[in-house]
Amino acid sequence: MEKVIIDADKCKGCALCIEACPKKCLILSDTFNKAGYRPAVFTQKDACISCGFCFQVCPDIAIEIYT
Amino acid sequence: MKKIFSRPESLTPAPHLYCAGCGHGIIHRLVAESIDELGVREKTIAVAPVGCAVFAYDYFNFDVTEAPHGRPPAVATGIKRVLPDRIVFTYQGDGDIAAIGTAETIHAANRGENITVIFVNNANYGMTGGQMAPTTLIGQKTATTPFGRDAKRDGYPLHLCELLATLKGVAYLERVTVYNPKHIFNAKRAIKKAFQNQIDGKGFSLVEVISQCPVDWGMTPLDSVAWVKDVFIKEFPLGVFKDI
Ligand SMILES: Cc1ncc(C[n+]2csc(CCOP(=O)(O)OP(=O)(O)O)c2C)c(N)n1
Ligand code: SF4
């Protein structure tokens, strides 16, 4: 199981989480979600420290963090 | 694996209709977490504004009523006086609280009503398409100030915390922001305190949250948080303006 779970259909691709992540674990997808946004994707499983900064800045509460 | 951060109970799973990157969603979560942590979800009543947060009743998982534009402090006064054991708060934009609702705001504060006010300052009228608000910065371009706000014609940005700080009835005033995780943690502390004050019967508590409105500002979400940091909070200094 991943440390960061992103609800791709809730995400609006604002990229605030990508900027906030101290370990650069997130990128924007090349594909579109149902609403037409490019959602954030969690890519760096090993680098993630479960700090939750991405969760903190997400205006859409589209992220869950596990440790 | 253990879940450590997720949607608080005081928020519904409804998707937000806010623009991508809008600060309202972050502030909703901070309010919801505060209510959860204080254990008062079952007795909380929110008063939603007219503005982008008009649909707050879809997002908050507790009772929410709706006030006419600018009148949440008056409606909250009535609810709190009739049901003093409830936790009553208003959630208002700058157009709502500091333009059309100025009178209700000032008098509820001056009466020292034991309510909590969450004031989201995004320097414009978001819902109606980004017109000038009382809080719009000098030189800021909006739909009604296409060449920038001109003090001679449009007056100066209105600083609500500084204004209310002169009123004896006010218990707590703080201005915070949500442009990065550090400030978001601090905003959470302030919001929770504003609710704790109500539980302790301290009186009128208001937290002004400087927030980003990317689409109406004509910016990407990342440029909008940079503008908050570099420009917006220079005009609206953060800090505690009153704490009795
Ligand atoms: C009596 C009345 N006058 C005007 C309006 C139009 N109106 C709707 S929202 C709004 C301003 C909202 O701006 P703000 O309070 O700053 O909240 P935001 O949308 O930026 O969160 C106005 C003027 C209205 N709905 N009712
Ligand atoms: S217009 Fe501004 S305040 Fe309204 S939802 Fe969009 S970003 Fe948020």
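Note: the structure precedes this text.
All values reported here derive from a predicted model rather than from experimental measurement.

Asker: Got a sec to walk through the overall build of chain A? Specific residues and values, please.
Answerer: Tallying secondary structure elements over chain A gives two helices and four strands in all. The secondary structure elements of chain A, listed N-terminal to C-terminal, are β-α-β-β-α-β. The C-alpha atoms of chain A give a radius of gyration of 11 Å, which matches the 11 Å a tight globule of 67 residues would have. Its C-alpha atoms give chain A principal-axis dimensions of roughly 30 × 20 × 20 Å. The 67 residues of chain A split such that 51% are buried. Only carbon and sulfur atoms are counted for the fraction: they give 54% of the accessible area of chain A, which is about 3300 Å². Averaged over its 8 positive side-chain charges, chain A has a centre that lies 2 Å from the centre of its 8 negative ones.

Asker: With reference to specific residues and values, describe the state of the cysteines.
Answerer: A complete count under the given rule lists zero disulfides over all chains for this structure. A disulfide-free cysteine, Cys17 of chain A has its sulfur positioned 6.2 Å from the sulfur of Cys14 of chain A, the nearest such atom.

Asker: Describe the interface of chain B and chain A, naming the residues involved and giving the relevant values.
Answerer: Counting residues at the interface gives 30 residues for chain B, matched by 27 residues for chain A. Around 2300 Å² of area is buried between chain B and chain A when both sides are counted, 69% of it from carbon and sulfur atoms. The interface formed by chain B and chain A contains one salt bridge. Across the salt bridge formed by Lys3 of chain B and Glu64 of chain A, the nearest N and O atoms sit 3.5 Å from each other. Summed over the shared surface of chain B and chain A, the result is eight residue pairs in polar contact (both at pLDDT 80 or more). Of all the secondary structure elements, the ones that give two or more residues to the side of chain B that touches chain A are strand S1 (3-5), helix H1 (23-38), helix H8 (181-199) and helix H10 (221-235) of chain B. Examining the composition of the side of chain B that touches chain A, we find that four residues originate from one element, H1 of chain B, more than from any other. Among the residues forming the side of chain B that touches chain A, the class breakdown is 19 nonpolar, six polar and five charged. Where strand S4 (residues 63-66) of chain A and S1 of chain B come together, two bridges link them in antiparallel fashion. Each residue of the ladder has a partner; that of Tyr66 of chain A, found in S1 of chain B, is Lys3 of chain B.

Asker: How would you sum up the site of ligand 2? Please name residues and give values.
Answerer: Tyr18, Cys19, Cys22, His24, Cys52, Asn122, Gly126, Cys213, Pro214 and Asp216 of chain B make up every residue found near ligand 2. Across the shell around ligand 2, the residue classes tally to six nonpolar, three polar and one charged.

Asker: Can you tell me about the sheet that holds strand S3 (residues 63-66) of chain B, naming the residues and giving the values?
Answerer: All names here are of chain B. Pairing in this open sheet of seven strands is mixed, and the strands run S3-S2-S4-S5-S9-S8-S10 from one edge to the other. Each edge of the open sheet is held by one strand with a lone partner, namely S3 and strand S10 (239-243). With direction set aside, neighbouring strand axes in the sheet form an average angle of 15 degrees. For strand S8 (residues 170-177) and S10, the ladder comprises four bridges, and the chain directions are antiparallel. Its bridge partner lying in S10, Tyr172 is registered against Asp243. Against the sheet, H8 contacts strand S4 (87-93), strand S5 (116-121), S8, strand S9 (204-210) and S10, and its axis sits at roughly 165 degrees relative to S8.

Procedures and definitions
Residues numbered from 1 in each chain as written. Chains lettered and ligands numbered in written order. Predicted model: local features only at pLDDT ≥ 70, side-chain atom pairs only at ≥ 80, totals over all residues. Heavy atoms only, no water. Helix = DSSP H or I, 4+ residues; strand = E, 2+ residues; numbered from the N terminus. Rg over C-alpha atoms; globule rule 2.2 N^0.38 Å. Buried < 20%, exposed > 50% of the residue type's maximum accessible area, 1.4 Å probe, protein only. Areas by Shrake-Rupley, 256 points an atom, 1.4 Å probe, with all protein chains shown as cover. Lys, Arg positive; Asp, Glu negative; His and termini not counted. Charge placed at Lys NZ, Arg CZ, Asp CG, Glu CD. Disulfide = S-S within 2.5 Å. Contact = heavy atoms within 4.5 Å. Buried area = accessible area lost by both parts, 1.4 Å probe. Salt bridge = Lys/Arg side-chain N within 4 Å of Asp/Glu carboxyl O. Polar contact = N/O pair within 3.5 Å; in protein donor to acceptor, adjacent residues only side chain to side chain. Nonpolar A, V, L, I, M, F, W, Y, C, P; charged D, E, K, R; others polar. Pairing = 2+ DSSP bridges. Near = heavy atom within 4 Å. Axes fitted to C-alpha atoms, helices over the stretch in contact; angles between N-to-C directions.

Nothing here speaks to function; it is geometry throughout.
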